[in-house]
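# Observations on the model geometry
This is what each chain is made of:
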Amino acid sequence: MPLGKEPYRIEHISISEILNAISGHMLWGDHTQDIRGISIDSRTIKEGEIFFAIEGERYDGHDFITDAINRGARGIVVERAKRGYIEKIHNGDISVILVDNTIYALGELARWWRGQNSATVIAITGSVGKTTTKEMLYSIVSRQRPTLKNRGNQNNLIGVPLTLFRMDSSHQVVILEMGTNSPGEIGRLREIADPDIALITMIGSAHLEGLKDVEGVLKEKLSLFAETRKETIKIINGDCDILKSACKRLGISALTYGLGEENSFQAREIEEKGMNGISFKVCFRDICLPITLNISGLHNVYNALAAISVSILLGIPSDEISKALFHFKGIDGRFRIIRCDHNITLIDDTYNSNPTSLKAAIQNLLGWKIDGKGLIVVIGDMLELGAESPRFHLEAGKEIAPLRPRLFITIGGYAKELVRGACEEGLPVENTVVLNRVEDIVSVISEKIREGDIIFLKASRKIGLDRVIDALLEGVS
């Protein structure tokens, strides 16, 4: 972009351009008007924005059309089946567009807007590691180029379009995490984002309630690669056998990263330092780059490899990659190590949980060779696993048993399965506690905690173990 030129932003577009992009029908209004932004929330809409009335799990945006207009909406996008919501509010200053589905229309507008900009778009999906990979990659690339990424968990059919609407002509790189819990979502997100680089981190047991089984997860994640442009670069975790085999079977050509010698980007000379981090070298062609992470775990070597592979392809200098990763502090809720008073350590892994990510966390802790007498483990339900949920929790309990925690606290609908699995593998039942309320966890830990303890907490986000972290920090820091 030439120096001094104002970036081309979404607020520079007209109702007419929106109408064409989403193939909508103009009910009334002025198609020559410009809008000042896109909104799906009547509580935060700003004057001059266009409001997409989206029906969600808990609320229907059509119920809030009047609120949006009263707050200054310049346009409204309404589903045809719900046009009755708007016909009683005829207002000549408001442009009203009818569509079959407002979520799809939101995606179509984002798809069009992506095409108006020349940024390199990177799409990241996978059962585990996608958020940390996104954040690592952003920490590297943003030091060199104007870069945009998803905020928080805006990785779905609404969040990805909202992220793209924040893109303007000043951005050179856009990093999009893409999530799913039902078939077809990744394919639609790929269609909207049209990535230049597409990366899959891992295939594992996650969101099985909607995706049925690991084969369903594989099929859904691989749709990121379907119908991409021939110049789109594809990258996979080359140590994920099911993913690598599927790509070979389907004739998908992809760069790979991992520990195996056959990978395009290979980690060598790995040195684990427990909770103090991990170091390794990344080798790619004639490049051999030393990396030191101040976060622990072999799983973070894989996350770093994914971020490094994209960074190298983008032409980021090697020393900038090393420097950015050295200063990367991790993410709240994802195996974040918090050192507290009295030599107490909290390990906050409360953002989410599935069998694959829980196993990775346990393997990390086992590698630390902790004296179990100083370990408290708190595990809550892994959600969205469907009919196999009891089995997954029983197996998780068995995997936790070798840690030999002094105290194993469980909560949720499958708490007893976790305990049963641990006890079957030799953990004494007197070391276990089954609780019904998150608030009770703090009371039990406060009573049992000792100087020098390590407290590990992990569950699906809806369980609310992040509240335990907050309460414990107030008490021990």
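Here the structure is shown first, and the text comes after it.
The structure contained in this document is the topic of the report that follows. Computed from a predicted structure; not experimentally measured.

## Quick notes on the sheet that holds strand 10 (residues 233-237)
Strands sit in the order 7-8-6-9-10-11-12-13-14 across an open sheet of nine strands; the sheet is mixed. The open sheet has two free edges, formed respectively by strand 7 (147-149) and strand 14 (287-293), since each of these has just one partner strand. For this sheet, the mean angle separating the axes of adjacent strands, direction not counted, is 15 degrees. By the bridge criterion, five bridges tie strand 12 (residues 265-272) to strand 13 (residues 278-284) in an arrangement that is antiparallel. Across the sheet, the residue bridging to E271 is S279, located in strand 13. Docked against the sheet, helix 11 (residues 298-313) engages strand 6 (120-125), strand 9 (197-200), strand 10, strand 11 (255-258), strand 12, strand 13 and strand 14, running at close to 140 degrees with respect to strand 12.

## Considering the environment of R339
Within the secondary structure layout, R339 lies in strand 15 (residues 336-339). Note: C-alpha distance between R339 and I409 (70 residues apart in sequence) is 21 Å. R339 has contacts with M275, N276 and I344, leaving out every residue within four places of it along the chain. Separated by 3.4 Å, the side chain of R339 and the backbone oxygen of M275 make a polar contact. Among the polar contacts listed, one links the side chain of R339 to the side chain of N276, at a separation of 3.2 Å.

## Remarks on helix 13 (residues 355-367)
Given a rise of 1.5 Å per residue, 13 residues ought to cover 18 Å, and the 18 Å separating the end C-alpha atoms of helix 13 matches this to within 8%. Within the span of helix 13, buried status applies to P355, S357, L358, A361, I362, N364 and L365. Buried residues along helix 13 sit in contact with strand 12, helix 11, strand 16 (345-349), strand 17 (375-380), helix 14 (389-400) and strand 20 (454-458). In this structure N354 caps helix 13, since a side-chain oxygen of it lies 3.0 Å from the backbone nitrogen of T356. Phi for K369, located one or two positions after helix 13, is positive at around 55 degrees.

## Quick notes on the state of the cysteines
Enumeration according to the criterion identifies one disulfide in this entry. Each sulfur in the disulfide pair C283 and C288 lies 2.3 Å from the other. C283 gets classed as buried once you look at its relative accessible area, which sits at 8%. A residue is classified by how much of its surface remains accessible, and C288, at 44% relative accessible area, is partly exposed. There is no disulfide at C240, and the cysteine sulfur nearest it, in C247, is 9.3 Å away.

## Points about the sheet that holds strand 18 (residues 407-411)
As summarised here, the arrangement of the six strands in space is 15-16-20-17-18-19, forming an open sheet in which the pairing is mixed. Since the sheet does not close on itself, it has two edges, and those belong to strand 15 and strand 19 (432-435), each with one partner. The sheet shows a mean angle of 15 degrees between the axes of neighbouring strands, direction not considered. Both strand 15 and strand 16 contribute to a ladder of four bridges, which runs antiparallel.

## Describing the pairing of strand 5 (residues 95-99)
Two faces, one strand: in a regular strand the side chains alternate between the faces of the sheet. Most of strand 5 sits inside the fold, with five of its five residues counted as buried. Note: strand 1 (residues 25-28) against strand 5, three bridges, orientation antiparallel. Bridge pairing in strand 5 links H25 to L98. Judged from the five bridges that link them, strand 4 (residues 75-79) and strand 5 form a sheet pairing that is parallel. Opposite V77, over in strand 5, you have I97 as the bridge partner.

## Brief notes about the packing of helix 13 against helix 14
For the pair helix 13 and helix 14, interaxial distance at closest approach is 10 Å and the crossing angle is 5 degrees. When the interaxial angle is binned, helix 13 and helix 14 end up roughly parallel. Counting all contacts with helix 13, which are made through P355, L358, K359 and I362, the residues of helix 14 involved are F392, A396, E399 and I400. Broken down by class, the residue content of the contact of helix 13 with helix 14 amounts to six nonpolar, no polar and two charged.

## A short note on the pattern of salt bridges
Oppositely charged side chains can form a pair if their charged atoms are brought close together. The final tally for this structure, using the stated rule, is 30 salt bridges. Among the salt bridges present, the one from R336 reaches D332, with a minimum N-O distance of 3.0 Å. By relative accessible area, R336 is classed as partly exposed at 23%. Among the residues examined, D332 registers a relative accessible area of 51% and is labelled exposed. With a shortest N-O distance of 3.2 Å, E424 and R420 are connected by a salt bridge. Of this pair, E424 and R420 are both found in helix 15 (residues 415-424), four residues apart, which corresponds to roughly one turn of the helix. Three or more residues are tied together by salt bridges with common partners; here these are R114, D194, D196, R229 and E231.

## Some points on helix 7 (residues 185-193)
Extensive coverage of helix 7 is indicated by the burial of eight of its nine residues. Structurally, helix 7 contributes buried residues whose contacts are with helix 4 (102-115), strand 6, helix 6 (159-165), strand 8 (173-177) and helix 9 (214-222). Looking one or two residues past helix 7, D194 carries a phi angle of roughly 45 degrees, positive in sign.

## Focus on the packing of aromatic side chains
Here the structure, examined in full by the defined rule, presents six aromatic pairs. Measuring from centroid to centroid gives 6.1 Å for W112 and W113, while their planes differ by 40 degrees, and the two rings are tilted. Judged by relative accessible area, W113 falls into the buried class, the value being 0%. Taken together, Y8, W112 and W113 form an aromatic cluster joined through their ring pairs. Residue placement shows K149 over the ring face of Y138; its charged tip is 4.5 Å from the ring centre. In this arrangement the basic side chain of R334 is found over the ring face of Y351, its NZ or CZ atom lying 3.7 Å from the centre.

Each value, and the rule that gives it
Here the residue numbering is sequential within each chain, running from 1 through the sequence in written order. Where local features are concerned, this predicted model is filtered to residues with pLDDT of at least 70; where side-chain atom pairs are given and counted, the filter is 80 or more; whole-chain, interface and lining totals use all residues. Think of the side-chain values as coming from all heavy atoms in the structure, minus any hydrogens and water. DSSP bridges decide pairing: two strands pair if at least two such bridges lie between them. Helix and strand labels come from DSSP, where a helix needs a run of H or I of at least four residues and a strand needs a run of E of at least two; each type is numbered from the N terminus. Only C-alpha atoms enter the line fits that serve as axes; for helices the fit covers just the stretch in contact. Angles between N-to-C directions range over 0 to 180 degrees. In what follows, residue pairs with any heavy atoms lying within 4.5 Å of each other are defined as contacts. What qualifies as a polar contact is a pair of N or O atoms within 3.5 Å, subject to a donor-acceptor requirement within protein and to the restriction that residues adjacent in sequence count only when both atoms come from side chains. Any helix carries an expected span of 1.5 Å times its number of residues minus one. Only protein chains enter the accessibility calculation, which uses a 1.4 Å probe; a residue whose area is less than 20% of its type maximum is buried, one above 50% is exposed, and one in between is partly exposed. By disulfide we mean two sulfur atoms from cysteines, separated by a distance within 2.5 Å. Geometric relationships in this document are graded by angle, where less than 35 degrees denotes roughly parallel, more than 145 denotes roughly antiparallel, 65 to 115 denotes roughly perpendicular, and other angles denote oblique. Just so you know the grouping, Ala, Val, Leu, Ile, Met, Phe, Trp, Tyr, Cys and Pro go in nonpolar, Asp, Glu, Lys and Arg go in charged, and all remaining residues, Gly too, go in polar. The salt bridge criterion pairs a side-chain nitrogen of Lys or Arg with a carboxyl oxygen of Asp or Glu, the two atoms within 4 Å. Between 30 and 60 degrees the pair is tilted, below 30 it is stacked and above 60 it is edge-to-face, where a pair is any two Phe, Tyr or Trp rings, Trp via its six-membered ring, whose centres lie within 6.5 Å. To sit over a ring, a charge needs its Lys NZ or Arg CZ within 6 Å of the ring centre and within 35 degrees of the ring normal.

The values are spatial; any link to function lies outside them.
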